[in-house]
Amino acid sequence: MDKLILTAAICGAEVTKEQNPAVPYTIDEIVREAKSAYDAGAAVIHVHVREDDGTPTQSKARFKEALDAIYKVIPDVIIIPSTGGAVGMTAEERLQPTELMPEMATLDCGTCNFGDDVFENTIPMMRAFGKRMIENKIKPEYECFEMGHLDTILRLAQRGEVPGDPMQFNFVLGVFGCTPATADNLAWLVKNIPAGSTWTATGIGRHEFPLAAAAIGMGGHVRVGFEDNLYLSKGVLAKSNGELVAKAARIAHELGREIANPAEARQILSLAP
Ligand code: KMH
Ligand code: ZN
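Presented here is an overview of the structure given in this document. (Residues numbered from 1 in each chain as written. Chains lettered and ligands numbered in written order. Predicted model: local features only at pLDDT ≥ 70, side-chain atom pairs only at ≥ 80, totals over all residues. Heavy atoms only, no water.)

### Side note on the site of ligand 1
Then, number 1: Around ligand 1, the structure places 13 residues, and the nearest of them are E14, S82, G85, T106 and D108.
Then, number 2: G84 places a polar main-chain atom, nitrogen or oxygen, 3.3 Å from an oxygen atom of ligand 1.
Then, number 3: Contact between ligand 1 and T106: an oxygen atom at 2.7 Å from a side-chain N or O atom of the residue.
Then, number 4: Compared with its free state, where it exposes 300 Å², ligand 1 has 99% of that area covered by protein. (Near = heavy atom within 4 Å. Polar contact = N/O pair within 3.5 Å; in protein donor to acceptor, adjacent residues only side chain to side chain. Areas by Shrake-Rupley, 256 points an atom, 1.4 Å probe, with all protein chains shown as cover.)

### Notes on the coordination of the zinc ion (ligand 2)
Then, number 1: Binding of the zinc ion (ligand 2) to the protein goes through H46 (NE2), H48 (NE2) and E227 (OE), at separations of 2.1 to 2.2 Å.
Then, number 2: Sequence spacing among the residues donating to the zinc ion (ligand 2) works out to H-x1-H-x178-E. Highlighted residues: H48 in the loop between β2 (44-47) and β3 (49-50) and E227 in the loop between β12 (221-224) and β13 (231-233), separated in sequence by 179 residues. The two residues H48 and E227 agree in class, both being buried. (Donors = N, O, S within 2.8 Å, 3.2 Å for Na, K, Ca; no water. Helix = DSSP H or I, 4+ residues; strand = E, 2+ residues; numbered from the N terminus. Buried < 20%, exposed > 50% of the residue type's maximum accessible area, 1.4 Å probe, protein only.)

### Describing the packing of helix α6 (residues 183-191) against helix α7 (residues 208-218)
Then, number 1: Interhelical geometry of α6 versus α7 gives an angle of 40 degrees and a closest axis separation of 10 Å. Taken together, the axis directions place α6 and α7 in an arrangement best described as oblique. You can see that α6 and α7 cross each other, and the crossing is right-handed. The segment α6 lies against α7, with L186, A187 and V190 engaging L211, A214, A215 and M218.
Then, number 2: Counted by class, the contact of α6 with α7 contains seven nonpolar, no polar and no charged residues. (Axes fitted to C-alpha atoms, helices over the stretch in contact; angles between N-to-C directions. Parallel < 35°, antiparallel > 145°, perpendicular 65-115°, else oblique. Left-handed = near helix turned anticlockwise from the far one by under 90°. Contact = heavy atoms within 4.5 Å. Nonpolar A, V, L, I, M, F, W, Y, C, P; charged D, E, K, R; others polar.)

### A short note on the nonpolar core
Then, number 1: Grouped together as the largest cluster of nonpolar side chains are 71 residues, with contacts concentrated most on I45, I70, I153, F169, F171, L186 and W199.
Then, number 2: By residue number, the principal contributor to this core is helix α8 (residues 241-254), which donates six residues.
Then, number 3: Every residue in contact with I45, bar those within four places of it in the chain, is listed here: A8, I10, A34, A37, V77, I78, I79 and I80.
Then, number 4: Core analysis: the next-biggest nonpolar cluster, separate from the first, contains eleven residues, I5, I78, A260 and A265 among them. (Core = buried A, V, L, I, M, F, W, Y, C linked by side-chain atoms within 4.5 Å.)

### Side note on the state of the cysteines
Then, number 1: Tallying each qualifying case throughout the model produces zero disulfides.
Then, number 2: As a non-bridged cysteine, C112 has C178 as the owner of its nearest cysteine sulfur, 3.8 Å distant.
Then, number 3: On the basis of relative accessibility, which here comes to 12%, the residue C178 falls in the buried class. (Disulfide = S-S within 2.5 Å.)

### A look at the packing of aromatic side chains
Then, number 1: A complete count under the given rule lists six aromatic pairs for this structure.
Then, number 2: Note on Y142 and F169: the rings are 6.0 Å apart at their centroids and 40 degrees apart in plane angle, and the pair reads as tilted. Remark: F169 occurs in strand β10 (residues 168-173) and Y142 occurs in strand β9 (residues 139-144); sequence separation between them is 27 residues. Neither residue differs from the other here; Y142 and F169 are each classed as buried.
Then, number 3: Following the ring pairs from residue to residue traces out a cluster consisting of Y142, F169, F171 and W199.
Then, number 4: The aromatic ring of Y25 is capped on one face by K17, whose charged end is 4.7 Å from the ring centroid. (Phe/Tyr/Trp six-rings, centres within 6.5 Å; stacked < 30°, edge-to-face > 60°. Lys NZ or Arg CZ within 6 Å of the ring centre and 35° of its normal.)

### Brief notes about the side chain of E29
Then, number 1: Within the fold, E29 resides in helix α1 (residues 27-39).
Then, number 2: Overall, the relative accessible area of 19% leaves E29 in the buried class.
Then, number 3: At 3.1 Å, the side chain of E29 and the side chain of K17 are in polar contact.
Then, number 4: The contacts of E29, once residues within four sequence positions are left out, are K17, V23 and P24.

### Structural notes on the sheet that holds β10
Then, number 1: Ordered by their spatial adjacency, eight strands build an open sheet running β5-β2-β1-β12-β11-β10-β9-β6, and the pairing between neighbours is parallel. With one partner strand each, in any of the chains shown, β5 (78-81) and β6 (104-108) form the two edges of the open sheet. Taken over all neighbouring pairs, the strand axes of this sheet differ in orientation by 25 degrees on average, direction set aside.
Then, number 2: Pairing analysis gives three bridges linking strand β1 (residues 6-9) to β12, with the strands arranged parallel. (Pairing = 2+ DSSP bridges.)

### Topic: α1
Then, number 1: The terminal C-alpha atoms of α1, which comprises 13 residues, lie 18 Å apart, in line with the 18 Å expected from a rise of 1.5 Å per residue.
Then, number 2: Within α1, the full set of buried residues consists of I27, E29, I30, V31, E33, A34, S36 and A37.
Then, number 3: Backbone geometry just after α1 places G41 at a positive phi near 125 degrees. (Expected span 1.5 Å × (residues − 1).)

### Let's talk about the pattern of salt bridges
Then, number 1: Following the criterion strictly, the structure yields 17 salt bridges and no others.
Then, number 2: Look at the salt bridges and you will find they share partners, linking E143, R223, E227 and D228 into a network. (Salt bridge = Lys/Arg side-chain N within 4 Å of Asp/Glu carboxyl O.)

Spelled out as structure tokens, the structure:
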């Protein structure tokens with residue numbers, strides 16, 4: 001079994017300081033949270049950015065500021081900027097961070113309900129995102145919120161419309177309106193990915209750690225962080241992303257799975273060293 005890649009989704013676009021005061025908005029706060037996650041064992045940071053007042057933005061300038069500031073403190077970390085942004089943003093808006101030529105970026109694999117909202121990812125949008133990532137040599141992290149998203153993205157990959165093998169999937173399970181976070185659903189998804197692919201599991205809310213434990217046992221990788229869950233345990237807010245990463249690392253330790261450092265994670269993900 002490969003070493004375990006821990007990803008921290010430190011910020012997201014939807015969670016607020018009202019829900020947990022440690023949610024980062026400013027560049028300094030984003031760096032603080034990235035560093036806490038890295039120190040606890042995260043090799044990968046999934047980044048969204050906000051205005052200082054918390055408003056989500058996909059501004060290229062704001063992403064550049066955040067990425068530069070993170071790399072200054074933790075130069076070897078792998079950063080996966082979001083092209084999902086926040087519900088309601090246009091494709092052009094969402095694509096801005098790809099102009100910075102990151103080594104990876106998320107690519108969302110289909111339209112779905114997202115709580116009371118609809119997260120729009122039409123097939124023409126996915127083609128446009130895939131084309132941009134092929135042109136800019138960015139490895140996508142394919143985010144699947146629904147079972148059908150996997151088939152959609154595999155068909156686009158077969159046609160060469162999005163980057164192909166080796167593919168990295170992130171199965172985000174438990175969003176209200178999408179596929180539930182069960183081990184059964186995760187197993188079905190994993191069974192249907194091409195040989196040689198890598199995958200990460202993300203459980204939303206109280207499902208974060210049970211799904212992480214399943215993924216650790218199955219040989220997959222794990223994402224935790226404020227984007228997905230604000231609590232360390234029932235009723236106890238996490239003080240930092242680092243606390244959430246440390247908990248995932250403890251579970252891995254108990255299950256005998258070693259944690260990958262960024263260089264090892266780059267190798268597992270077939271990224272340039
Ligand atoms: N904010 C969600 C609507 C991504 O980063 O690619 C979408 C999202 C996905 O967070
Ligand atoms: Zn995201």
